[in-house]
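So the chains spell out like this:
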Amino acid sequence: MRKLAWAARGMSVVSGAVLLGALMVPSAVADDGPGSAPAPNSAMTEQGKKCGARDVSSAAPDFSNFPTGVIFRVATDAQGHSFVNDSRNPGVWINLGILANAPTCVIDSAASVTENNPGILYITLLTQDGVLHEARCTTNNTVFAPGNIVAACGTGFSVLPNTPVV
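Residues numbered from 1 in each chain as written. Predicted model: local features only at pLDDT ≥ 70, side-chain atom pairs only at ≥ 80, totals over all residues. Heavy atoms only, no water.

1. Some points on unusual backbone geometry
Put simply, the rule reads: The way it works is that DSSP assigns letters per residue, a run of H or I at least four long becomes a helix, a run of E at least two long becomes a strand, and they are numbered from the N terminus. With a 1.4 Å probe rolled over the protein chains alone, any residue whose accessible area is under 20% of its type maximum counts as buried; one over 50% counts as exposed, and the rest are partly exposed.
Of note in this structure, C105 is not a glycine but carries a positive phi near 55°. Looking at where C105 falls in the secondary structure, it is placed in the loop between strand 5 (92–95) and strand 6 (106–113). Phi is positive for N162, close to 55°, though the residue is something other than glycine. Locating N162 in the fold gives a position in the segment after strand 9 (157–159). Take N162: its relative accessible area is 77%, and that puts it in the exposed class.

Given below as structure tokens:
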């Protein structure tokens, strides 16, 4: 009987650990857009090691023709992926890997927005190798979503010349 009691306690410890792991999983929704193909910004370097760092930045337009309270957020994860959120679309994080020339191994982000309508949201990403990549996305009264982010960001990302940060 003692063996069964010990086994039952062991099972409850294992169940508790599994439950704790499930509760610690991030609850944010990240949407890659149409289709389910993996995003081009991979989580691995050439050596097969994980790259990236958790980071978040934000920008809020402040002009009269734009809805008040709008915040654009850019976040990165420990695997080197980057995401954007438009506060008018709560809980939806769009994987920036769907944009042309999206960088891999992102470790830092910055966001700023111009004071016009339509404005420009500047998304700047720093990669593990010290290169800055920038995307310019048109902002207006249309909420960013996976289906329109590619059109809003035009040519996608471009490398800012002479910017290795070492």
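Once the structure has been displayed, the description carries forward.
2. Remarks on the pattern of salt bridges
Side chains that differ in charge, positive against negative, can pair when their charged atoms come close. Put simply, the test is: What makes a salt bridge here is a side-chain nitrogen of Lys or Arg within 4 Å of a carboxyl oxygen of Asp or Glu, nothing more.
If you walk through the whole model with that rule in mind, you get two salt bridges. One salt bridge in this structure joins R88 and D86, with 2.7 Å as the shortest N-O distance. According to the relative accessible area criterion, R88 is partly exposed, its value standing at 23%. Residue class for D86 comes out buried when judged on its relative accessible area of 1%. In this structure, E134 and R136 form a salt bridge, with 3.1 Å as the shortest nitrogen-oxygen distance. Among the residues examined, R136 registers a relative accessible area of 51% and is labelled exposed.

3. Points about the sheet that holds strand 8 (residues 132–139)
Applied cut-off: Here, any two strands with at least 2 DSSP bridges between them count as paired. Here, axes are lines fitted to C-alpha atoms. For helices the fit covers the stretch in contact, and angles between N-to-C directions go from 0 to 180 degrees.
Pairing is antiparallel across the open sheet formed by four strands, whose spatial order is 6-7-8-9. Sheet topology places strand 6 and strand 9 at the edges, where each strand pairs with a single neighbour. Put simply, the sheet's adjacent strands are angled 25° from each other on average, direction ignored. For strand 8 and strand 9, the ladder comprises three bridges, and the chain directions are antiparallel. When the sheet's bridge partners are listed, A135 is paired in strand 9 with F157.

No statement about biological role is implied by the geometric values presented.
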